[in-house]
Amino acid sequence: MATIARGIRPLQRSSICTQCRRSFFSGPALQSGHNKWSKIRHDKAVKDGQKAKARTELAKLITLYSKLYGPDPKQNSQLAGAIALAKKQQFPKEKIEASIARGQGKSLTGGVLEPITVEAISPPSVALILDIETDNRNRTIAEIKDILTKGGAASSGSKFFFTRVGRVVFETGENGPGVDDIMDDAIEAGAEDIENDPAGNIVIWTQPTMTAQVCETLGNKLGLKVLSSGIIWSPNRDTEAKVDGSPQLPYFIKMLTALREYPDVHAIYSNISRGENLTDEEWTDISNNIDVGIDV
């Protein structure tokens with residue numbers, strides 16, 4: 001069976017960075033207090049980043065269910081469930097409605113969304129691909145280029161760092177079928193590789209043209225809940241770019257955060273991998289803003 005190269009998401013960890021371990025005071029009581037406050041602050045930053053990423057994934061789920069099963073939650077139980085979860089997490093009503101509209105290929109104002117792919121390179125040889133959907137192409141491209149420039153990156157061809165593949169993730173639950181149970185059906189539907197992710201969900205990899213068929217066929221036949229489905233840019237492991245600490249790193253992280261927060265950016269792909277000198281906190285800040293990467 002063919003296997004497609006791809007990144008794996010590690011468990012998120014948190015730690016105290018080197019800067020905050022420095023001793024600014026000689027008294028042991030003050031030093032202890034400083035370290036305690038630094039740890040609290042960093043732990044909060046990690047949790048905030050994870051919460052932001054979870055919200056992004058939930059918004060994508062609302063968009064996906066709107067696209068697959070229709071925009072009316074009264075006629076779409078999966079969409080209704082995702083909306084209920086979003087409300088529990090205090091999603092703004094406007095963001096929920098925008099996610100539903102995006103699933104129908106429209107903006108919140110009713111404009112038709114146009115897909116755009118932006119390629120960029122950031123030192124040292126970090127390749128980025130942005131999947132964007134917008135109803136104002138010129139405005140979006142100009143603003144994205146401004147974010148890239150401020151982060152030290154530049155628009156440049158980067159697709160050769162990646163392979164275009166289809167990926168469908170199904171939730172199995174505690175009593176759901178395993179990989180072996182659906183292997184034959186998955187192959188028949190068009191799967192080229194199948195595995196479990198760290199959360200135990202079933203991940204199916206296929207050719208881009210077979211993505212929708214795999215999603216619909218297995219979802220309907222086996223009654224599996226779709227967590228995500230799409231055609232992604234999977235980074236090639238032989239062209240990975242290791243990132244270590246450097247004076248430019250804060251600008252790079254700030255750039256990724258700004259790209260993630262930009263409303264028209266649907267996904268961020270990168271060939272980035274973690275260097276030996278990168279702290280846990282720095283890597284968390286990076287991986288929270290990347291959809292697919294070598295070690296993300």
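Calculation criteria
Residues numbered from 1 in each chain as written. Predicted model: local features only at pLDDT ≥ 70, side-chain atom pairs only at ≥ 80, totals over all residues. Heavy atoms only, no water. Helix = DSSP H or I, 4+ residues; strand = E, 2+ residues; numbered from the N terminus. Buried < 20%, exposed > 50% of the residue type's maximum accessible area, 1.4 Å probe, protein only. Contact = heavy atoms within 4.5 Å. Lys, Arg positive; Asp, Glu negative; His and termini not counted. Salt bridge = Lys/Arg side-chain N within 4 Å of Asp/Glu carboxyl O. Polar contact = N/O pair within 3.5 Å; in protein donor to acceptor, adjacent residues only side chain to side chain.

Here we come to the overall build of the protein. Assigned secondary structure in the protein consists of eight helices and ten strands. Burial analysis of the protein (296 residues in total) assigns 43% to the buried set. Long-range contacts, defined as pairs at least 24 residues apart, comprise 69% of the intrachain contacts of the protein with a sequence gap of at least 6.

Let us look at helix α8 (residues 280-287). For α8, the tally of buried residues reaches six of eight residues, placing the bulk of the element in the interior. Buried within α8 we find Asp280, Glu281, Trp283, Thr284, Ile286 and Ser287.

Mapping aspartate 131 onto the fold places it in strand β2 (residues 126-134). Comment: no salt bridge for buried aspartate 131; closest opposite-charge side chain is arginine 164, at 4.0 Å. A distance of 3.5 Å separates the side chain of aspartate 131 from the side chain of tyrosine 269, its partner in a polar contact. What aspartate 131 contacts, discounting residues up to four positions off in sequence, is Ile116, Thr117, Arg164, Ile231, Trp233, Asp264, Val265, His266, Ala267 and Tyr269.

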